[in-house]
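As a plain string of letters, each chain reads:
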Amino acid sequence: MERKKKTVSDNISIRHALKKYGDNVIIPDLNLEIKEGEFFTLLGPSGCGKTTLLRMIAGFNSIEGGDFYFSDRRINDLDPAKRNIGMVFQNYAIFPHMTVRKNVEFGLKNKKLPKEKIAQQTDKFMKLMHVDEYADRLPERLSGGQQQRVALARALCIEPDVLLFDEPLSNLDAKLRVEMRTVIKNIQHSVNITTVYVTHDQEEAMAVSDRIAVMNAGVIQHVGTPKNIYQRPANLFVSTFIGRSNVLKGEKLVVENGRTCVITKSGYKAEFTNVQPAYQKDQEVILSVRPEEFLLSKDAAGPGISATVDDCVFLGLNTHYFVHLESGEEVEIIQESSIDSIIQPGTQIKLTLNTDKVNVFTADGSANILTGVCNDCANA
């Protein structure tokens, strides 16, 4: 869907944000730049500080330190009602005693706009969100998805400079979540409002976002596009939080005749041509191998890492294999299903690595040593 240019929308700058409750520091020192019109997602496990940060942007939480800007306006001490934000909550937060129309027009009435303008704007956004046919219904007569559409229409109706979402789909069933995330992404692209979206669902974040900030313990670990974060995560935490990954610790990186190789505990040697120059030295490393990055061979006498199949699950397009290596480590492998028979439990196999895709980290997991890591938070 082609983006329509919104005449007024804000970029968001956060500089050295500090949030604490008493002596308990939630966000120690956070810097972030969100572009005008961008769909930006805060992603992380429960308790990592993402909702706290969103509420600081909204004005619902106090700010103990740092500066928050909407474009060139410092908003630290600005009343939430004057920030011109639209907010969509996890529990919809629509008024149960009001009809759909009255819910959608609520923010406009607070702005004391003319009746004609209120009616025109309300009709526009009810139609945009496909809830106009329910205009006279009370929320109790709507499904969860319909209620969330009403909440989104109400947030958009005031034409905010910034749109905020706090886990908006977590109360919906799986099928409806997929449907609604498509609705939200398409609507955001059409109105082009700067959007900050909070979720702990990695797939949801990947599906809707222009860029994602992965947070842990109040610290941003990686900011980048879904593709960058998935393919070249900045550190081991990001690698294991985004998607599934097999972690092989205690492997050896060695430089032999000018070539950089990883030698696994089983003795298998894999050459990596994309190690950053500063890391091209003998050292212990961690391999992060996504299930699809293992290459499986039924030739047990061939080169590779020796392994034994423990279980297999046929899922149509793909087959998932659960195996254990000679070292005792258990890994998951995803292979495109073949027309031949599935490899049965107990079968001896060999595994090699797709070195173009596998990630290699320092022994403590703090840094990806390969080229191609793009982390915008380093420049915030």
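Here, the structure is the one placed above.
> Any chance you could explain the sheet that holds strand 5 (residues 73–74) here in plain terms?
Sheets are built from strands paired through backbone hydrogen bonds, the pairs being either parallel or antiparallel. Ordered in space as 2-1-4-5, the 4 strands form an open sheet in which the pairing is antiparallel. Only two strands of the sheet have a single partner each, and these edge strands are strand 2 (24–34) and strand 5. With 5 bridges joining them, strand 1 (residues 12–21) and strand 4 (residues 65–70) adopt antiparallel strand pairing. When the bridges of strand 4 are listed, Ser13 appears paired with Tyr69.

> Even after reading the chapter, I still don't get the pattern of salt bridges, so can you show me in this structure?
A side chain with one charge can pair with a side chain of the opposite charge if their charged atoms come near. For the coordinates displayed, the defined rule picks out 17 salt bridges. Residue Glu105 is joined to Lys109 by a salt bridge in which the shortest nitrogen-to-oxygen separation is 3.2 Å. Of this pair, Glu105 and Lys109 both sit in helix 2 (residues 100–110), separated by 4 residues, roughly a single helical turn. By relative accessible area, Glu105 is classed as buried at 9%. Note that Glu251 and Lys265 form a salt bridge whose closest N and O atoms lie 3.0 Å from each other. In this pair, Glu251 sits in strand 11 (residues 246–256) while Lys265 sits in the loop between strand 12 (259–263) and strand 13 (269–271), placing the two residues 14 residues apart along the sequence.

> Explain a nonpolar patch on the surface to me, please; I cannot follow it from the model alone.
A cluster of nonpolar residues, Val313, Leu315 and Phe322, forms a patch on the protein surface that exposes about 240 Å² of accessible area. Considering the arrangement of structural elements, one finds Phe322 in strand 17 (residues 318–325). Taking relative accessible area as the criterion, Phe322 reaches 31% and is therefore assigned partly exposed.

> Explain unusual backbone geometry here, please?
Negative phi characterises most residues that are not glycine, and trans characterises most peptide bonds. You will see that Glu159, though not glycine, has its phi angle at about 50 degrees, which is positive. Structurally, Glu159 is set in the loop between helix 4 (144–157) and strand 7 (162–166). Overall, Glu159 belongs to the partly exposed group, its relative accessible area being 38%. Look at Glu167: it is not a glycine, yet its phi comes out positive at around 45 degrees. Take Glu167: it is sitting in the loop between strand 7 and helix 5 (174–191). Under the relative-accessibility criterion, Glu167 is labelled buried at 12%.

> Would you explain the packing of aromatic side chains in this entry?
Given two aromatic rings, their pairing is described by the distance between the two centres and the angle made by the two planes. Per the counting criterion, the structure on display carries 4 aromatic pairs. Arranged with centres 4.8 Å apart and planes meeting at 55 degrees, the rings of Phe95 and Phe106 form a pair that is tilted. With a gap of 11 residues between them, Phe95 in the loop between strand 6 (85–88) and helix 2 and Phe106 in helix 2 connect regions that are remote in the sequence. What makes Phe95 partly exposed here is its relative accessible area of 26%. A residue is classified by how much of its surface remains accessible, and Phe106, at 31% relative accessible area, is partly exposed. With a centroid separation of 5.4 Å and an interplanar angle of 45 degrees, the aromatic rings of Phe165 and Tyr197 are classed as tilted. Taken together, the positions of Phe165 in strand 7 and Tyr197 in strand 8 (residues 194–199) put the pair 32 residues apart, joining distant regions of the chain. Just as Phe165 is buried, Tyr197 falls in that class too. A connected cluster of aromatic rings, assembled from ring pairs, spans Phe39, Phe165 and Tyr197. For Arg154, the ring lying beneath its charged end belongs to Phe95, and the centroid distance is 5.4 Å.

> Please explain the layout of surface pockets as it appears in this structure.
Here the largest pocket defines a volume of roughly 500 Å³. Around the largest pocket, the lining is made up of 17 residues, and of these Ile85, Phe106, Gly107, Asn110 and Ile158 lie nearest the centre. If you list the elements that add at least two residues to the lining of the largest pocket, you get strand 6, helix 2 and helix 4. A class-by-class count of the residues in the lining of the largest pocket yields 11 nonpolar, 4 polar and 2 charged.

> How should the packing of helix 3 (residues 115–128) against helix 4 be read in this particular structure?
The N-to-C vectors of helix 3 and helix 4 enclose an angle of 140 degrees; their axes lie 9 Å apart at closest approach. By the criterion of interaxial angle, the relationship of helix 3 to helix 4 is oblique. Between helix 3 and helix 4 lies a crossing of right-handed hand. Seen from helix 3, the contacting residues are Gln121, Thr122 and Phe125; seen from helix 4, they are Ala153, Leu156 and Cys157. Of the residues contributing to the contact of helix 3 with helix 4, the split by class is 4 nonpolar, 2 polar and no charged.

Rules and cut-offs
- All residue numbers refer to positions counted from 1 along the written sequence of the respective chain.
- Reporting of local features is limited, given that this is a predicted model, to residues whose pLDDT is at least 70; pairs of side-chain atoms are given and counted only at 80 or more, and all residues count toward the totals for whole chains, interfaces and linings.
- As a rule here, side-chain values come from all non-hydrogen atoms in the structure, and water together with hydrogens is ignored.
- Strand pairing is assigned whenever DSSP identifies at least 2 bridges connecting the two strands.
- Only DSSP runs of H or I with at least four residues qualify as helices, and only runs of E with at least two residues qualify as strands; both kinds are numbered from the N terminus onward.
- Here a salt bridge means any side-chain nitrogen of Lys or Arg lying within 4 Å of a carboxyl oxygen belonging to Asp or Glu.
- Relative accessibility under 20% of the residue-type maximum defines a buried residue, over 50% an exposed one, and the middle range a partly exposed one, all with a 1.4 Å probe and only protein chains included.
- Residues enter a patch when their relative accessible area is above 30% and they make no salt bridge; the linking distance is 9 Å between like charges and 5 Å between nonpolar side chains (Val, Leu, Ile, Met, Phe, Trp, Tyr).
- Reported accessibility uses the Shrake-Rupley method at a 1.4 Å probe radius. Residues are deemed covered only where the shown protein chains occlude them.
- Two aromatic rings, drawn from Phe, Tyr or Trp (for Trp, its six-membered ring), form a pair once their centres lie within 6.5 Å of each other, and the interplanar angle then sorts them: stacked below 30 degrees, edge-to-face above 60, tilted otherwise.
- In this analysis the charged atom, NZ for Lys or CZ for Arg, is taken to sit over a ring once it is within 6 Å of the ring centre and within 35 degrees of the ring normal.
- Grid points spaced at 1 Å over the protein atoms alone were grouped into cavities, where a 1.4 Å probe fits but cannot get out, and pockets, open sets with protein on both sides within 12 Å along at least five of seven lines, with lining residues defined by an atom within 4 Å of a point.
- Grid points are joined across faces, edges and corners, and a volume is the space filled by probe spheres set on the points.
- Any residue that is not Ala, Val, Leu, Ile, Met, Phe, Trp, Tyr, Cys, Pro, Asp, Glu, Lys or Arg is counted as polar, Gly included; the first ten are nonpolar and the last four charged.
- Throughout, an axis means a line fitted to C-alpha atoms (over the contacting stretch in the case of helices), and angles, computed between N-to-C directions, take values from 0 to 180 degrees.
- In this scheme, roughly parallel covers angles under 35 degrees and roughly antiparallel covers those over 145, while 65 to 115 is roughly perpendicular and the rest are oblique.
- The crossing is said to be left-handed when, going from far helix to near helix, the turn is anticlockwise and less than a right angle, and right-handed when the turn is clockwise.
- Residue contacts follow a heavy-atom distance rule, with two residues in contact if any of their heavy atoms lie within 4.5 Å.

On their own, these measurements won't tell you what the molecule is for.
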